Amino acid sequence: TEKASAITGSDGIFQIEEIKLNDGQNSIFAKAVNSAGNESDETKRYTIYLDTISPKIIDLTPKDGETINNLDGRIVIKGKVDEKASVVINNSLAVMNTDNSFEHLLGVKEGTVEIKIEATDKAGNKTETKLKVKYEKRGV
């Protein structure tokens, strides 16, 4: 369906300021119609994806407020995002798996550890989650 139209100048150049896109996949092309109603062939079609929804971080471990006990000074952070995205944990890129799950090994010192997890999809939509855990360097 036609979303926009414009009248060309004498040089044949036209400009359309704004085209409202649908969520998801959009196919855009142009064609010319002269004053007699004759239509040109379509231009090349361009596919544009509109994504305005931020990724969701799910199945996150450890949980906020949890106490982690081990002797190696590291916490394993695992989770999943609901779409393809990059995940950064405390400014380090996490390893992403094909099922959108991630895992990151964070070196820590004893005490309260603040963890910031950011997921950013291809469209630049970003989600941020913060949690605090307590790390104790001792055997389980």
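Conventions adopted
- Residues numbered from 1 in each chain as written.
- Predicted model: local features only at pLDDT ≥ 70, side-chain atom pairs only at ≥ 80, totals over all residues.
- Heavy atoms only, no water.
- Pairing = 2+ DSSP bridges.
- Helix = DSSP H or I, 4+ residues; strand = E, 2+ residues; numbered from the N terminus.
- Buried < 20%, exposed > 50% of the residue type's maximum accessible area, 1.4 Å probe, protein only.
- Polar contact = N/O pair within 3.5 Å; in protein donor to acceptor, adjacent residues only side chain to side chain.
- Contact = heavy atoms within 4.5 Å.
- Salt bridge = Lys/Arg side-chain N within 4 Å of Asp/Glu carboxyl O.

**Q** Help me understand the sheet that holds strand β6 (residues 85-89) in this model?
**A** The strand order β4-β11-β10-β6-β7 describes an open sheet built from five strands, whose pairing is mixed. At either margin of the open sheet sits one strand with a lone partner, and together these are β4 (67-70) and β7 (92-93). Bridge analysis of β6 against strand β10 (residues 111-121) gives five bridges, and the strand direction is antiparallel. In the strand pairing of β10, A85 is matched with D121.

**Q** What is the right way to read the side chain of T127 from this model?
**A** Inspection of the secondary structure assignment puts T127 in strand β11 (residues 126-137). We classify T127 as buried; its relative accessible area is 18%. Here the side chain of T127 touches P55 through a polar contact of 2.3 Å, landing on its backbone oxygen. In contact with T127, not counting residues within four places along its chain, are S54, P55, I57, I117, E118 and A119.

**Q** Help me out: how do you make sense of unusual backbone geometry in this one?
**A** Most of the time, phi is negative for any residue but glycine, and the peptide bond is trans. The peptide bond linking T61 to P62 adopts the cis configuration, its omega dihedral lying at 0°. By secondary structure assignment, the location of P62 is in the loop between β3 (57-61) and β4. A positive phi angle is found at N100, which is not glycine, with a value near 70°. Tracing the chain through its elements places N100 in the loop between β8 (95-96) and β9 (101-107).

**Q** Mind showing me how you'd approach the pattern of salt bridges here?
**A** Should the charged atoms of two oppositely charged side chains come close, the side chains can pair. The tally for this structure, following the rule as stated, stands at 10 salt bridges. Two residues, R74 and D72, come together in a salt bridge whose shortest N-O distance is 3.9 Å. We classify R74 as partly exposed; its relative accessible area is 38%. The partner of K132 in a salt bridge is E114, with the nearest N and O atoms 3.7 Å apart. With K132 in strand β11 and E114 in strand β10, the pair connects residues that are 18 residues apart, well separated along the chain. Look at K132 and you get partly exposed, because its relative accessible area is 45%. Several salt bridges share partner residues, and in doing so they unite K116, E118, K126, E128 and K130 into one network.

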